[in-house]
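Descriptive structure summary
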Amino acid sequence: MMLIKPSLIAGSERRFKQAEFSPDALNRKLGDGPIEMTVEKMRLRQRQLLAETHDMRAAEIGLERIIQGNDLDSINYLVKGTAAARSVCRIQLRDSKSNLLGYGSGFLIGPGLLLTNHHVFGKPADAANSIADFNYELDVSGQERVPVRFRFEPGRFFYTNDRLDFSIVAVAPTSLSGHEELEDWGWLPLSGAPGKADPGEYLTIVQHPGGQMKQVCVRENKLLKYVGDFLWYNTDTTAGSSGSPAFNRFWQVVALHHSGVPRKDAQGRTLTKDGRVWKPSMDESSIDWIANEGIRISAIVADIKVAVGSHPLIKPVLDEEEPPIRQERAKAPVPAAVPAFGANAWVEQSLDGTSLVVPIRVPLPTFRKEIPFAPLTPLQGPSAGNGGAPNGGKPLIARPVALLPHISAKNGLPMEAVHIDQSTLKSRPGYKANFLGTGKFSVPLPKIPAALKPRVAMLKGSSKQSELKYFNYSVVMNKERGLAFFSCVNIDGGKQQDVGKREGDSWLRDPRIDEDAQIGDEFYRKQATFEADRSKNPFDRGHLVRRLDATWGDTVAAAKQHGDDSFHFTNCAPQFFSFNQGKQLWAGLEDYTRDVLLEGEEKGIVMNGPVFDGPDADGSDLPDPAGRPHKDPSFGGVRIPKYFWKILIRRNDDDDALKAAAFLMSQRKQVIEIDRIQEAGLLERMSEEDVSVFQVSIADLTKLTKLDFGNLADADSHEATSVGPRRIESYEDIRI
């Protein structure tokens, strides 16, 4: 995605033409030293170096090395560079609906203030929903650090200058997780003195090219020429580096990178690095740039001094206030007490709202006749009339403590970091039909009947391909409803990995299908699960394929990448927030599957999805599979499914056949009249109702969904068919 507008490049081309120089010729002329300096210029640079080093001898040696083009430096050059790079972040550009638009770079310049380009943040609204990712980089062992994310606060401070292409915006003092302070990332003081580098000197640029992890281009960016408020240099900075700082050899910020001049052919067409004609559909990183242009920091300082110099947040910037010395210290993790089962411990929550886990979660290994876990003591609460337990007095089964996910001591919720690289979507392997074996063990994706095929969302540019492949799972979308027909995942309990804690997540639309074929945050909105007024929108973004189910692979890094891929809106469905947070049976079923698969290192398959316009249950929870379709109720312009289904598949205990079990979850009582209830009473009415879980036959599920599940009907345990659908109120009610 091209962040730099053609008009911005045109302005750079105009200044480049007026400067009348050839980058290649000037580069050869400047060579690698010595640099020509007047006596006055040498004195100025020496004073600058003395102010920077506070050591006369060091200033003299530094000046000599600059003039001679000597690359030798003290070993602390690398340490200083690491400290300077800490203040540089990746910017996720997001619109008012939190859709990802692209990436940029930026860096802190004072307490709570960040500098980037005007073409990154042209107005306060551009920053309002965007996110600053600090620590998005590799550590010394080559492992990915856990990014720390901060929101912007343009309402507190925002200033922009179109001509100089820069913007300054306030950043929240505390991270989205609430665990880190922005002050810990320091800032880069800006000097208003001109001439902090001379033509022929090499600049260093710290950047997030194309939204990638933090990278550094060390002394490969030769400063060629000053032209008014701008400077020109050779560099390999690419798209996404907009807003990056350019440093001199003493790690002073010399310029704000912003644009460049592309190589063109005789017809004036922009060329790519491999000589092809560049097209707007290509990323700007493919352009063959002749030279890059940066805005001089001295020009930026002069402008803000006049325009907003009296603002209290700007004063420390103009005073060149130094950041506090950061004390490196190991932070010992605080052991978290294991919460009681059902105490919100297995809810996946983001700062944008609650991520409701899969609609049905029943253990695959319930094919075993015995479940060796002791029941919990019934919880005391409002439901004491039912024996103290919210499921009518029947005790639920505690999960093995050793298999509990990492729990935050602060709020009792699982916390793992989430990142999705959508640039590689085309290479995702997707769901594997032969995951459990070939032949009779093969489990293909459900087939959609001809009558429903016009509703299937096709991949852009294809009239036949509808399968959206992700890591370890696949989805086929209903474009009319903006929800999945089904989402199917392979689970390998033997390759589950502990991927650490999460500090927030971000859901993305899949660019491979039309935007209006998938419901996004324009419906779910941003809500803090426990604090927000949920009457405005009581529905959460509920995972179909749960993140933890897809979180497996040969390495921790691969497993994390696979699990994070579940945060696509194509794998999401609107489900009432209350049963997401507090229904003990439901939460237990969701997690119990993964726990025992992990314990036994088994393989399994989970298929799930919504029932569209399922028959009404006429006052009960379970619909007649042969009943007439009944239109789902609407809320906020979105039709909310009344039911969700799930099929669990694995090989049987004798390992000679498949075994399958189907389940249906009903939220009918909660949603059936949402389109007729007044807003004031909506939340109270919905909260009074509870979800119901049933074990059903795959044959009945076929009637409800109209999907063809192939050989799974033959693999059905048939326990449900002999006596009809079975209500699940405890694990004792499950029959395989």
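Everything numeric here is computed off the predicted structure, so don't read it as measured data.

The next point concerns the overall build of the chain. Each helix and strand in the chain was counted, giving 18 helices and 27 strands. Counting across all 736 residues of the chain, residues that qualify as buried make up 57%. Relative to all contacts within the chain whose residues are 6 or more apart in sequence, the contacts with residues 24 or more apart total 73%. Entry remark: accessible area of the chain is about 31100 Å², with carbon and sulfur atoms responsible for 51%.

Tallied over the entire structure, the rule returns 27 salt bridges. E137 is paired through a salt bridge with K214; the nearest N and O atoms lie 3.0 Å apart. With a gap of 77 residues between them, E137 in the loop between β4 (131–134) and β5 (148–151) and K214 in the loop between β8 (202–207) and β9 (215–227) connect regions that are remote in the sequence. Take K214: its relative accessible area is 15%, and that puts it in the buried class. Its salt-bridge partner being D655, residue R651 comes within 2.7 Å of it at the nearest N-O pair. The class of D655 is partly exposed, set by a relative accessible area of 43%. Connected through shared salt-bridge partners, R481, D613, D632, R639 and K642 make up one network.

To continue, consider the sheet that holds strand β3 (residues 113–116). Where strands meet in a sheet, backbone hydrogen bonds hold them as pairs that are either parallel or antiparallel. Ordered by their spatial adjacency, seven strands build an open sheet running β5-β4-β1-β2-β3-β7-β6, and the pairing between neighbours is antiparallel. The sheet is open, and its two borders are formed by β5 and β6 (158–161), each paired with just one other strand. Adjacent strand axes in the sheet meet at a mean angle of 30° when their direction is disregarded. As judged from the three bridges shared by strand β1 (residues 88–94) and β4, these two strands associate in the antiparallel manner. Looking at the pairing, R90 lines up with D133 of β4.

Moving on to the sheet that holds strand β17 (residues 473–478). Taking strand neighbours across the sheet as the criterion, the eight strands line up as β16-β17-β18-β21-β24-β25-β26-β27 in an open arrangement whose pairing is antiparallel. If you trace the sheet from one side to the other, it starts and ends with β16 (468–469) and β27 (726–727), each paired once. Note that strand β25 (residues 658–666) and strand β26 (residues 692–696) share five bridges and pair antiparallel. Pairing of F663 across the sheet is with Q695, part of β26.

Before going further, it helps to spend a moment on the packing of aromatic side chains. As enumerated under the stated definition, the model contains 12 aromatic pairs in all. Here F121 and F152 contribute two aromatic rings whose centre-to-centre distance is 5.1 Å and whose plane-to-plane angle is 80°, an arrangement assigned as edge-to-face. Of this pair, F121 sits in the loop between β3 and α6 (124–128) while F152 sits in the loop between β5 and β6; the two residues are 31 residues apart in sequence, bridging distant segments of the chain. For the pair F121 and F152, one class covers both residues: buried. In textbook terms, an aromatic cluster arises when at least three aromatic residues are bridged by ring pairs, as seen for F134, F150 and W185. For R90, the ring lying beneath its charged end belongs to Y136, and the centroid distance is 4.0 Å.

Let us now look at the nonpolar core. By size, the foremost hydrophobic cluster in this structure holds 53 residues, and its most contacted members are F486, M607, W645, I647, I649 and L712. Beyond its immediate stretch of four places on either side in the chain, I647 contacts I605, V606, M607, A660, A661, A662, I698, L701, F709 and L712. Within the second largest apolar cluster, 32 residues are counted, among which are L113, A170, A299 and V301.

Residue position: A127 is located in helix α6. For the pair A127 and I91, spaced 36 residues apart in sequence, the C-alpha separation works out to 9.4 Å.

Attention now goes to unusual backbone geometry. Notably, W251 is not glycine yet its phi reads approximately 60°, a positive angle. With respect to the element layout, W251 can be found in the loop between β11 (245–247) and β12 (253–262). By relative accessible area, W251 is classed as buried at 13%. One non-glycine residue, D655, adopts positive backbone phi at about 60°. Inspection of the secondary structure puts D655 in the loop between β24 (643–651) and β25.

A regular strand carries its side chains on alternate faces of the sheet. Along β3, one buried face is formed by L113 and L115 and the opposite face, lined by L114 and T116, is buried too. Judged from the three bridges that link them, strand β2 (residues 100–110) and β3 form a sheet pairing that is antiparallel. When the bridges of β3 are listed, L108 appears paired with L114. What sits between β2 and β3 in their antiparallel hairpin is a turn of two residues, with G112 showing a positive phi close to 80°. Both β3 and strand β7 (residues 166–170) contribute to a ladder of four bridges, which runs antiparallel. Residue pairing in the sheet places L115 in a bridge with I168 of β7.

As a further point, take helix α7 (residues 297–307). Turning to α7, its buried residues number three or more, namely I297, S298, A299, I300, V301, D303 and I304. If you follow the buried residues of α7, they end up packed against β3, β6, β7, β12, β13 (289–296) and α8 (315–318).

Keep in mind that low pLDDT regions are not for reading the predicted coordinates in detail. Residues at a pLDDT of 70 or more form 67% of the chain, whose mean pLDDT is 76. Here residues 579–587 is modelled with pLDDT under 50, and outside its nearest four sequence neighbours on either side it reaches 37 contacts, counting other chains as well. Note that pLDDT drops below 50 for residues 677–688; the model gives that stretch 21 contacts with residues more than four away or on any other chain.

About the criteria used
- Residues numbered from 1 in each chain as written.
- Predicted model: local features only at pLDDT ≥ 70, side-chain atom pairs only at ≥ 80, totals over all residues.
- Heavy atoms only, no water.
- Helix = DSSP H or I, 4+ residues; strand = E, 2+ residues; numbered from the N terminus.
- Buried < 20%, exposed > 50% of the residue type's maximum accessible area, 1.4 Å probe, protein only.
- Contact = heavy atoms within 4.5 Å.
- Areas by Shrake-Rupley, 256 points an atom, 1.4 Å probe, with all protein chains shown as cover.
- Salt bridge = Lys/Arg side-chain N within 4 Å of Asp/Glu carboxyl O.
- Pairing = 2+ DSSP bridges.
- Axes fitted to C-alpha atoms, helices over the stretch in contact; angles between N-to-C directions.
- Phe/Tyr/Trp six-rings, centres within 6.5 Å; stacked < 30°, edge-to-face > 60°.
- Lys NZ or Arg CZ within 6 Å of the ring centre and 35° of its normal.
- Core = buried A, V, L, I, M, F, W, Y, C linked by side-chain atoms within 4.5 Å.
- pLDDT = per-residue confidence, 0-100.

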